[in-house]
Amino acid sequence: MRWDRRAFLRLSAPGGGALALGPGFWKEAYAAPAQPGPSPYGAMSGSADGRFYRFTPSARR
């Protein structure tokens, strides 16, 4: 591989970016996945309609 300015920047930019963000950023970025919680729109209805959609009670007006 020929080392010119463009190749050096292409290979060093991702490493420099990772170091600039710091370990705190990466710990939060790779933290435990999100857990589903209660919906602010209410529970889903029990069965789907003819087009396979399920709606909350407030959306069925």
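As a reminder, the structure under discussion sits directly above these lines.
For the structure given in this document, a descriptive report is provided here. The structure displayed is predicted, hence computed values, not measured ones.

Focus: the overall build of the protein chain
Consideration 1: Scanning the protein chain from terminus to terminus reveals one helix and zero strands.
Consideration 2: Evaluated residue by residue, the protein chain yields a buried proportion of 7% over its 61 residues.
Consideration 3: Counting only carbon and sulfur atoms, one obtains 62% of the accessible surface of the protein chain, whose full area is about 5900 Å².

Some points on the packing of aromatic side chains
Consideration 1: This model, assessed by the stated rule, comprises two aromatic pairs.
Consideration 2: Ring centres of Phe 25 and Trp 26 lie 4.9 Å apart, and the angle between their planes is 80°; this geometry places the pair in the edge-to-face category.
Consideration 3: On the basis of relative accessible area, Trp 26 is assigned to the partly exposed category, the value being 32%.
Consideration 4: Through a chain of ring-to-ring contacts, three or more aromatic side chains come together here, namely Phe 25, Trp 26 and Tyr 30.

Thoughts on a nonpolar patch on the surface
Consideration 1: Judged by side-chain polarity, Trp 3, Phe 8, Leu 9 and Leu 11 come together as a nonpolar surface patch covering roughly 460 Å² of accessible area.
Consideration 2: Residue classification places Leu 11 among the partly exposed residues on the basis of a relative accessible area of 49%.

Procedures and definitions
- Residues numbered from 1 in each chain as written.
- Predicted model: local features only at pLDDT ≥ 70, side-chain atom pairs only at ≥ 80, totals over all residues.
- Heavy atoms only, no water.
- Helix = DSSP H or I, 4+ residues; strand = E, 2+ residues; numbered from the N terminus.
- Buried < 20%, exposed > 50% of the residue type's maximum accessible area, 1.4 Å probe, protein only.
- Areas by Shrake-Rupley, 256 points an atom, 1.4 Å probe, with all protein chains shown as cover.
- Phe/Tyr/Trp six-rings, centres within 6.5 Å; stacked < 30°, edge-to-face > 60°.
- Patch = residues over 30% accessible without salt bridge, like charges linked within 9 Å, V, L, I, M, F, W, Y side chains within 5 Å.
- Salt bridge = Lys/Arg side-chain N within 4 Å of Asp/Glu carboxyl O.

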